[in-house]
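For reference, the chains in residue letters:
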Amino acid sequence: MRIMGFGTIFFIVVTVIVLYQLRSVLGRRTGNERPPFDPYTRPEVKNDNATPSGNVVTLPSRRTPANESVEPARPYEAIDKAAAPGTVVNEGMRRIRDADPSFDPAEFLGGVRTAYEMIVTGFADGDRKLLKNLLSQEVYSGFETAIAEREKRGERMQFSFVGIEDAKITGAELRDREAFVTVEIVSQIISAVVGANGETVEGDPEAVVQVQDVWTFARDVRSRDPNWKLVETESEDAGTH
């Protein structure tokens, strides 16, 4: 048998001592060791309000006290504010509300005010593309004819929109799936028609005129398109300021 030299025995002893020291310092793996720290991972925060599935519980809403009754829903409250209960207008709006729960008279009038300014300004500017999106085909045809005749004569409108004094619903009706709402609008504008040579053909470029319009808007209550279109117009000058 070959006898190991002193140097070999020395290195074996040193190796055994080193391994023993490492074992005493690092300890044994038991399966419960903490994972290595990752500086790029956010630390997990313990949440005592978490459900067993791990989802975060949202804050609870206010509970109604036992002695506090819940007020029943009033779907026609907004309509009753716009028109007296029992009137034809109120009943018409109620039927529209039944067919289209999103109908709200106040919001509708807000849209009418915006549409009114866009339409009268678009007509003065001869903006056919804008008008086509806001008017029914029949009303658009009348507007487009007036614009074309004005252009044929070489005339243009000098127009300024001052504002709307009042807007109120005066009629409401549901015909099958079509809702019709009529609005009386009192506005102030400055309007004049200027000829090819710069002369004033009609109106006054400096006078503020009060105009009373009666416009009817319509919408298919089953359509996904929420927009109403102007389907009928009446106009009557109420005075000049």
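Residues numbered from 1 in each chain as written. Predicted model: local features only at pLDDT ≥ 70, side-chain atom pairs only at ≥ 80, totals over all residues. Heavy atoms only, no water.

## Some points on the overall build of the chain
Per the secondary structure count, the chain includes six helices and five strands. In the chain, the succession of helices and strands from N to C terminus is α-α-α-α-α-α-β-β-β-β-β. The long-range fraction of contacts in the chain, counting pairs at least 24 apart against all pairs at least 6 apart in sequence, stands at 56%. Total accessible area on the chain is roughly 17700 Å²; 52% of this is exposed by carbon and sulfur atoms. (Helix = DSSP H or I, 4+ residues; strand = E, 2+ residues; numbered from the N terminus. Contact = heavy atoms within 4.5 Å. Areas by Shrake-Rupley, 256 points an atom, 1.4 Å probe, with all protein chains shown as cover.)

## Observations regarding the packing of aromatic side chains
In this description, an aromatic ring pair is defined by two values, namely the gap between the centres and the angle between the planes. Going through the model one piece at a time under the given rule, you end up with eight aromatic pairs. Ring plane angle 70 degrees and centroid distance 4.8 Å describe the contact between Phe108 and Trp228, whose orientation is recorded as edge-to-face. One end of the pair, Phe108, is in helix 4 (residues 105-125); the other, Trp228, is in the loop between strand 4 (209-220) and strand 5 (229-240), and 120 residues separate them in sequence. Taking relative accessible area as the criterion, Phe108 reaches 8% and is therefore assigned buried. Ring geometry for Phe123 against Phe143: centres 5.3 Å apart, planes inclined by 70 degrees, an arrangement best described as edge-to-face. Taken together, the positions of Phe123 in helix 4 and Phe143 in helix 6 (residues 137-152) put the pair 20 residues apart, joining distant regions of the chain. The partly exposed category is assigned to Phe123, whose relative accessible area is 22%. Linked through ring pairs, Phe103, Phe108, Tyr116, Phe161, Trp215, Phe217 and Trp228 together constitute an aromatic cluster. Directly above the aromatic system of Phe123 lies the positively charged group of Arg150, at a separation of 5.0 Å from the ring centroid. Across from the ring centre of Phe180, 3.9 Å away, lies the NZ or CZ of Arg175, which sits over that ring. (Phe/Tyr/Trp six-rings, centres within 6.5 Å; stacked < 30°, edge-to-face > 60°. Buried < 20%, exposed > 50% of the residue type's maximum accessible area, 1.4 Å probe, protein only. Lys NZ or Arg CZ within 6 Å of the ring centre and 35° of its normal.)

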